[in-house]
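Structural characterization, general
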Amino acid sequence: MTLRLPEWLETPRLRLRRPTAADALAVFERYASDPEVTRFLGWARHLERSDTDAFVTWSDLTWATHGAGPYLAFEPGGRLVGGTGLDVETPWRASTGYVLARDAWGRGYATELAHAMAELALGRAGLDRVAALCHASHAASARVLEKAGFVREGLLRRHGLFPNLDPPGPHDVLLYARVR
């Protein structure tokens, strides 16, 4: 399914836009290479800048194929604080997630990003469901999803791979969703 979502949008405090090659260094330095930031993520921490370049290439392909994909989040002054996005899985369903640079933690940005992606999916995109997974022991992420209006639907046992944990997986995850 191909959507045509906007390549940029605004939340009350952030400007979101599609990643470009010019963003790769900032993504790498701000969060993608940080072991603490990437600990509970489903993608491997970027060890080299080329890992981040590959992410931007994948992002371009995703946007071209599906008309949706990753967004980077910037404060009004232009400082990169993190990322989010929509992964369109079927004509009625998408999934989302978020990542923030460590110095952006605790400021409500993750909730703002999760809420924005749910509104985008269920409103503008006209989808019926948007879901998010989080590691079963990551209480802060579960709380973010709840504050963004996601409802916990269950525990998926030994479901998710977390390449930055030891062992990398599979691990139990919590399934959250918002529906139209």
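In what follows, the structure referred to is the one given above.
Residues numbered from 1 in each chain as written. Predicted model: local features only at pLDDT ≥ 70, side-chain atom pairs only at ≥ 80, totals over all residues. Heavy atoms only, no water.

**Points about helix α5 (residues 139-147)**
Within α5, burial applies to S141, A142, V144 and L145. End-on, the buried residues of α5 take up no more than an arc of 155 degrees, which puts them together on one face. Opposite its buried face, α5 presents the exposed residues A139 and A140, each directed more than 90 degrees away. The inward-facing, buried residues of α5 abut β5 (93-100), α4 (109-124), β6 (129-135) and β8 (171-179). Positive phi shows up at G149, right after α5, with a value of about 90 degrees. (Buried < 20%, exposed > 50% of the residue type's maximum accessible area, 1.4 Å probe, protein only. Helix = DSSP H or I, 4+ residues; strand = E, 2+ residues; numbered from the N terminus. Arc of directions from axis to C-beta. Contact = heavy atoms within 4.5 Å.)

**Some points on the pattern of salt bridges**
Opposite charge on two side chains lets them pair, provided their charged atoms get close. Enumeration according to the criterion identifies 16 salt bridges in this entry. D23 is the salt-bridge partner of R17, the closest N and O atoms lying 2.7 Å from each other. A salt bridge links D103 to R30, with the nearest nitrogen and oxygen atoms 2.8 Å apart. You can see D103 sitting in the loop between β5 and α4 and its partner R30 sitting in helix α1 (residues 24-32), a full 73 residues away along the chain. Residue class for R30 comes out partly exposed when judged on its relative accessible area of 22%. The network of salt bridges with shared partners includes R30, E75, R79, D103 and R107. (Salt bridge = Lys/Arg side-chain N within 4 Å of Asp/Glu carboxyl O.)

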